[in-house]
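Chain by chain, the residues:
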Amino acid sequence: MGNTFATPMNRAARRRVQRETARAQPQKDKEQLEIIARYCGCMEEIKLRTEVLEGFLTGKISAKYLPPTVECECLQFRKILELIALGSLVAHKEEYSKQREKFAQDWHAARILKEVEKINPAFYPVPTRQVRDPTTGRVRATEDVKEPYLTRSDFVVLYDKCGDLLHAANPFGRAKDYEGFARSAIPWLSKIKTLLNHHQIQLADKDTQLWVLMVSKDDGKAHAAIMKRGSKVEGT
């Protein structure tokens, strides 16, 4: 069987395709900007909850007794993890909504990650570090971080630990290890910060990523950009 080539389009057909593409592009740009805005909104809330969490961990805030203080910490950890998961949902909204009709009601972090993983096994944030040009100060590359960060398996472990401590202890079951969690809370938070400080998310399109900076040197806010292989598409 010989090679098959597409029939060249005539001038009228080319113009029609160009008009259709031009009409579709503004909508695509709008959708990308919405993804970025919603994702950065999740990151900003994480920063606020991190501030509250640090207040408990440094002793500036207290619930008077150890158990309720640790439970307050666990609540913030759970909320942070849920926001990480919801950020993944935002980054894969189009694909996720096709599988989950009621995606806007989803809240359980571990289940959201499982569903997103079905769409894109490489969805989990990858922590990176910006490498700047010593002369211009501009970012010329990124490199993987070497410090411990919150891995995909860590996420589930921490989510379950916090969930366990947020439920009342059964008098006939094992005692809650509040002291143990209190000792591990600072390392857990450090791992989360390392994960999110500057991270990249592989989108369903293998040539597209979402690059995120939690604290911009210009305004202190979270910023993100959708990056196509070889060029930046949209950002804020």
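Residues numbered from 1 in each chain as written. Predicted model: local features only at pLDDT ≥ 70, side-chain atom pairs only at ≥ 80, totals over all residues. Heavy atoms only, no water.

**Q** Looking at this structure, how should I read the packing of aromatic side chains?
**A** Aromatic rings in a pair are described by how distant their centres are and how their planes are angled relative to each other. Enumeration over the complete set of coordinates arrives at three aromatic pairs. The interplanar angle of 20° and the centroid separation of 6.3 Å between the aromatic rings of Phe155 and Tyr159 together place this pair among those described as stacked. With Phe155 and Tyr159 both in helix 5 (residues 152–165) and four residues apart, the pair spans about one turn of that helix. The burial state of Phe155 is the same as that of Tyr159; both residues are buried. In this structure, Arg78 packs its charged tip against the face of Tyr159, placed 3.8 Å from the ring centre. (Phe/Tyr/Trp six-rings, centres within 6.5 Å; stacked < 30°, edge-to-face > 60°. Helix = DSSP H or I, 4+ residues; strand = E, 2+ residues; numbered from the N terminus. Buried < 20%, exposed > 50% of the residue type's maximum accessible area, 1.4 Å probe, protein only. Lys NZ or Arg CZ within 6 Å of the ring centre and 35° of its normal.)

**Q** What is the right way to read the pairing of strand 4 (residues 208–213) from this model?
**A** The side chains of a regular strand alternate between both faces of the sheet. Of the two faces of strand 4, the one lined by Thr208, Leu210 and Val212 is fully buried and the one lined by Gln209, Trp211 and Leu213 carries no buried residue. Bridge count for strand 3 (residues 198–202) against strand 4 is five bridges, and the pairing is antiparallel. Paired with Gln200 across the bridge in strand 4 is Trp211. Here strand 3 folds back onto strand 4 in antiparallel fashion, the turn holding five residues. Bridge analysis of strand 4 against strand 5 (residues 223–228) gives six bridges, and the strand direction is antiparallel. Considered in strand 5, the bridge of Val212 is made with Ala224. (Pairing = 2+ DSSP bridges.)

**Q** Would you explain the environment of Val70 in this entry?
**A** Inspection of the secondary structure assignment puts Val70 in helix 2 (residues 66–91). Assessed through its relative accessible area of 0%, Val70 is described here as buried. Along the backbone, Val70 and Leu57 are 13 residues apart, and their C-alpha atoms lie at a distance of 9.1 Å. Apart from residues no more than four positions distant in its own chain, Val70 is found in contact with Leu165, Tyr178, Phe181 and Ala182. (Contact = heavy atoms within 4.5 Å.)

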